[in-house]
Amino acid sequence: MAAWRERLAGVRGVLLDISGVLYDGGAGGGVPIAGSVEAVARLKRSPLKVRLCTNESQKSRRELVGLLRRLGFNVSEGEVTAPAPAACQILRARGLRPHLLIHEGVRSEFDQIDTSNPNCVVMGDAAEGFSFQNMNKAFQVLMELENPVLISLGKGRYYKETSGLMLDVGAYMKALEYACGIEAEVVGKPSPEFFKSALQEMGVEAHQAIMIGDDIVCDVGGAQRCGMQALQVRTGKFRPSDEQHPEVQANGYVDNLAEAVDLLLQHMDA
């Protein structure tokens, strides 16, 4: 199709979301989405540059990559842009000492960060850790600060596991914003700085890159605001209503990552 050829001809780099695009999480670690293992392998054999860009905040990069490798994906830690390491860079640069409202699985990313006498709160997808006691403690820390700083690892509303849809960090972030009368700093998609860091690590300009994700707002909308094109897959958290979203329209919709890779490889040299 001429339309696909026009959209994809100039693409030199591909950013891939992980959850809902490569695999669905769940019991035992989760399952790869049909065709995604070979699709990633085909991309990496092509001239296109490839980077994984995720809001995962329940696992460290090492644990996440270990899971992906067990599922059959040939990936390395150095190919993953994730919010926890990016947040650590910000904390160090600004002399911030966080109270951590995070999942135990990602705590190791903050091992070298000073958490004494906190002057900010960092929150991620804490899952069962989002108890009243833990949320209230984060609220109290923020309210005691003269200039409260809340850093959120992503702002997703929900994501999909094999057992169904799961609330994400964004819902709890909004609760603290409302209670404290502040606005969180988001480290992760759809933050422009997060996308720009992934592009820089990949070594391509925004107009040469395309994002493939399942989240119409964080993946598609965030990438487009940075000057990239973006495809939405009909896997993961995708809902049919996404294709009529009032504010964000993907550059294209595909059934899964395998179809997206077919199109990219067919038209990349056009």
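The shown structure was predicted, so the numbers you read here are calculated from the model rather than taken from an experiment.

Chemist: Kindly report on unusual backbone geometry, identifying the contributing residues and their values.
Modeler: Here the residue pair Lys 189 and Pro 190 is connected by a cis peptide bond, since its omega of 10° sits within 30 degrees of zero. Summarising the element assignment, Pro 190 is placed in the loop between β11 (185–186) and α7 (192–202).

Chemist: Account for the nonpolar core, naming residues and giving values.
Modeler: The biggest cluster of nonpolar side chains holds 35 residues, and the ones touching the most others in it are Val 14, Leu 16, Leu 22, Leu 68, Ile 212, Leu 257 and Leu 264. Where this core is concerned, the elements lending two or more residues are α1 (2–8), β1 (13–16), α2 (36–45), β4 (49–53), α3 (61–70), β12 (209–213), β13 (229–233) and α9 (257–267). When residues of this core are assigned to their parent elements, the largest contribution, five residues, is made by α9. When residues no more than four places from it in sequence are discounted, the contact partners of Leu 22 are Leu 16, Asp 17, Pro 32, Ile 33, Ser 36, Val 40, Leu 52, Leu 68, Phe 73 and Leu 257. The next biggest cluster of nonpolar side chains, apart from the first, holds 20 residues, and it includes Leu 199, Ala 206, Met 211 and Ile 216.

Chemist: Describe the packing of aromatic side chains, with residues and values.
Modeler: Enumeration according to the criterion identifies one aromatic pair in this entry. Ring geometry for Phe 130 versus Tyr 172: centroids 3.7 Å apart, planes at 10°, classification stacked. Taken together, the residues span a long stretch of sequence, with Phe 130 in the loop between β7 (120–123) and α5 (132–143) and Tyr 172 in helix α6 (residues 169–180) at a distance of 42 residues. When the ring centre of Trp 4 is taken as origin, the NZ or CZ atom of Arg 7, which lies over that ring, is 4.7 Å away. Against the face of Tyr 158 rests Lys 237, its NZ or CZ located 5.7 Å from the ring centre.

Chemist: How would you sum up the sheet that holds strand β5 (residues 80–81)? Please name residues and give values.
Modeler: Spatially, six strands are ordered β5-β4-β1-β12-β13-β14 in an open sheet, and the strand pairing comes out parallel. Single-partner strands in this sheet number two, and they are β5 and β14 (252–254). Bridge analysis of β4 against β5 gives two bridges, and the strand direction is parallel. When the bridges of β5 are listed, Cys 53 appears paired with Thr 81. Sitting on the sheet, α7 touches β1, β4, β5 and β12, and the angle it makes with β4 is about 150°. Here α9 sits on the sheet in contact with β1, β12, β13 and β14, set at roughly 160° to β12.

Chemist: Account for the side chain of Ser 191, naming residues and giving values.
Modeler: By the secondary structure assignment, Ser 191 is in the loop between β11 and α7. At 3.0 Å, the side chain of Ser 191 and the side chain of Glu 193 are in polar contact.

Chemist: How would you sum up the packing of α5 against α6? Please name residues and give values.
Modeler: Orientation of α5 relative to α6, taken along the N-to-C sense of each, is 40°, at an axis distance of 10 Å. Relative to α6, α5 is oriented oblique. As α5 packs across α6, the resulting crossing turns out to be right-handed. Facing α5, whose interface residues are Met 135, Ala 138, Phe 139, Leu 142 and Met 143, α6 presents Tyr 172, Ala 175, Leu 176, Ala 179 and Cys 180. Across the contact of α5 with α6, the residue classes break down as 10 nonpolar, no polar and no charged.

Chemist: Hey, could you go over the environment of Ala 209 for me, with residue numbers and the actual values?
Modeler: Structurally, the position occupied by Ala 209 is in strand β12. Beyond its immediate stretch of four places on either side in the chain, Ala 209 contacts Gly 13, Leu 199, Met 202, Val 204, Met 228 and Gln 229.

Chemist: Tell me what's going on with the sheet that holds strand β6 (residues 98–101), and back it up with residues and numbers.
Modeler: Read from one edge of the open sheet, four strands run β6-β7-β8-β11, paired in parallel fashion. Only two strands of the sheet have a single neighbouring strand rather than two, namely β6 and β11. Taken together, the three bridges between β7 and strand β8 (residues 150–152) define a ladder with parallel strand orientation. Directly across from Val 122, in β8, lies its bridge partner Ile 151.

Quick notes on the rules
- Residues numbered from 1 in each chain as written.
- Predicted model: local features only at pLDDT ≥ 70, side-chain atom pairs only at ≥ 80, totals over all residues.
- Heavy atoms only, no water.
- Helix = DSSP H or I, 4+ residues; strand = E, 2+ residues; numbered from the N terminus.
- Core = buried A, V, L, I, M, F, W, Y, C linked by side-chain atoms within 4.5 Å.
- Buried < 20%, exposed > 50% of the residue type's maximum accessible area, 1.4 Å probe, protein only.
- Contact = heavy atoms within 4.5 Å.
- Phe/Tyr/Trp six-rings, centres within 6.5 Å; stacked < 30°, edge-to-face > 60°.
- Lys NZ or Arg CZ within 6 Å of the ring centre and 35° of its normal.
- Pairing = 2+ DSSP bridges.
- Axes fitted to C-alpha atoms, helices over the stretch in contact; angles between N-to-C directions.
- Polar contact = N/O pair within 3.5 Å; in protein donor to acceptor, adjacent residues only side chain to side chain.
- Parallel < 35°, antiparallel > 145°, perpendicular 65-115°, else oblique.
- Left-handed = near helix turned anticlockwise from the far one by under 90°.
- Nonpolar A, V, L, I, M, F, W, Y, C, P; charged D, E, K, R; others polar.

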